[in-house]
Amino acid sequence: MSRRRFLLSLAPALVAPGWAARAWAATLPRASAVPGGVARIGLGASEQPPRVHLGGDRVLVMRDGDEWVAFVGIALGAKPGSKLRLEAEQAGGAVERFEIAVAPKKYASQHLKVPPGQVDLSREHLTRYERERVHLSEVLRTFTDSAPATLAMLQPAPGERSSSFGLRRYFNGRARSPHNGMDIAASAGTPVIAANAGRVIDTGDYFFPGRTIILDHGQGLLTLYAHLEAIDAAVAQAVPAGGVIGKVGATGRSTGAHLHFSVYLNAVAVDPALFLQD
Ligand SMILES: [Zn+2]
């Protein structure tokens, strides 16, 4: 996407009248109950929002017209044909249960042959990776009560979007964890903006993702920006949608300058494309 088209694509969110912004925002995220997707579950029109759990994790609930709606992130590892069980607790204590049948979705595979020394981490790197993995998975479980004003997101940097979310990678025949975000092609130094209004909950320089920022948008909706050249935001800082938070880079284990962009709901990575306008 050219810079001009990128700016134009931001324009509706910034200058459109309220009704126009709501009209497209209401259709995002595009819901479908597949691995890496988002399921939309109507919860009825009670006065207070029900509290919804999937296993041990709180689920995003927001008002949509007359009713409350849960938007449930479905893990890439969820088995097609399996059922996810949601529990919705009304303010009065009544509990209602919902089942989500996981539908199949095919993601591409990529087989790479690489010298063994490049895939096996040294003891030191493994220790560091393990420590960071524990820290990041804790951060990604963040749940704050305030609901986001919209689930629609701005593309966080201008550039072509890869459709590599969910790509299963095999190094020398061994499965790696699938690609859990979207890669956006942009040159080093390109400003990175917040995809939605939120608060900075983590910044760091990590082994695989390099310089990274994680934003909390409320109700378990988080975004993550990785491989940054620069971090221009501090933990606890509030950022508006479209506010500059850093610069595109190639830090961490990156093949070249690009922005890795992930979206999390109830602690699982879901396809960022579902939250973006075409
Ligand atoms: Zn990536």
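Predicted model only: the values in this text are computed from it and were never measured.

## A short note on the pairing of strand β9 (residues 168-171)
Step number 1: Bridging between strand β8 (residues 109-112) and β9 involves four bridges; their strand directions are parallel. By the bridge assignment, S109 is partnered in β9 with R168.
Step number 2: Relative to strand β10 (residues 174-175), β9 is paired through two bridges, and the arrangement is antiparallel. When the sheet's bridge partners are listed, Y170 is paired in β10 with A175.

## Considering the packing of aromatic side chains
Step number 1: The full count for this structure, using the stated rule, is four aromatic pairs.
Step number 2: Note on Y107 and F165: the rings are 6.0 Å apart at their centroids and 75° apart in plane angle, and the pair reads as edge-to-face. You can see Y107 sitting in the loop between β7 (95-101) and β8 and its partner F165 sitting in the loop between α4 (123-139) and β9, a full 58 residues away along the chain.
Step number 3: Residue classification places F165 among the buried residues on the basis of a relative accessible area of 5%.
Step number 4: Ring plane angle 90° and centroid distance 5.4 Å describe the contact between Y129 and F208, whose orientation is recorded as edge-to-face. Residue Y129 is located in helix α4, and its partner F208 is located in the loop between β13 (198-206) and β14 (210-218); the two are separated by 79 residues in the primary sequence.
Step number 5: Residue class for F208 comes out partly exposed when judged on its relative accessible area of 31%.

## A short note on the domain arrangement of the protein chain
Accessible area lost when the parts come together is the quantity often used to give the size of an interface.
Step number 1: Each assigned domain of the protein chain is listed here: domain 1 (25-101) and domain 2 (109-275).
Step number 2: Of note, the centres of domain 1 and domain 2, computed from C-alpha atoms alone, are 24 Å apart.
Step number 3: Every contact between the two is made by 20 residues of domain 1 and, on the other side, 27 residues of domain 2.
Step number 4: Across the domain 1/domain 2 interface, buried area totals approximately 1800 Å², and carbon plus sulfur atoms make up 65% of it.
Step number 5: It is R58, L60 and L76 in domain 1 that bury the most area against domain 2; as a group they hold 31% of the surface buried on that side.
Step number 6: There are two salt bridges connecting domain 1 and domain 2.
Step number 7: Among the ionic pairs, R58 bridges to D145, the shortest N-O distance being 3.2 Å.
Step number 8: Run the count over domain 1 and domain 2 and you get seven residue pairs in polar contact (both at pLDDT 80 or more).
Step number 9: Mapped onto the side of domain 1 that touches domain 2, the elements with two or more residues apiece are β3 (57-58), β4 (60-64) and β5 (67-73).

## Digging into the sheet that holds strand β12 (residues 191-193)
By way of backbone hydrogen bonds, the strands of a sheet pair with one another, either parallel or antiparallel.
Step number 1: Read across the sheet, three strands follow the order β12-β18-β16 without closing on themselves; strand pairing throughout is antiparallel. One side of each edge strand has no neighbouring strand; the edge strands of this open sheet are β12 and β16 (230-231).
Step number 2: The pairing of β12 with strand β18 (residues 244-247) spans three bridges and is antiparallel. Its bridge partner being in β18, P191 is matched across the sheet by K247.

## Some words on the side chain of T212
Step number 1: As for its placement among the helices and strands, T212 is situated in strand β14.
Step number 2: Overall, T212 belongs to the buried group, its relative accessible area being 0%.
Step number 3: Polar side-chain contacts of T212 include one of 2.8 Å to the backbone oxygen of G210.

So, how was this worked out
- Residues numbered from 1 in each chain as written.
- Predicted model: local features only at pLDDT ≥ 70, side-chain atom pairs only at ≥ 80, totals over all residues.
- Heavy atoms only, no water.
- Pairing = 2+ DSSP bridges.
- Helix = DSSP H or I, 4+ residues; strand = E, 2+ residues; numbered from the N terminus.
- Phe/Tyr/Trp six-rings, centres within 6.5 Å; stacked < 30°, edge-to-face > 60°.
- Buried < 20%, exposed > 50% of the residue type's maximum accessible area, 1.4 Å probe, protein only.
- Domains from an automatic or database assignment.
- Contact = heavy atoms within 4.5 Å.
- Buried area = accessible area lost by both parts, 1.4 Å probe.
- Salt bridge = Lys/Arg side-chain N within 4 Å of Asp/Glu carboxyl O.
- Polar contact = N/O pair within 3.5 Å; in protein donor to acceptor, adjacent residues only side chain to side chain.

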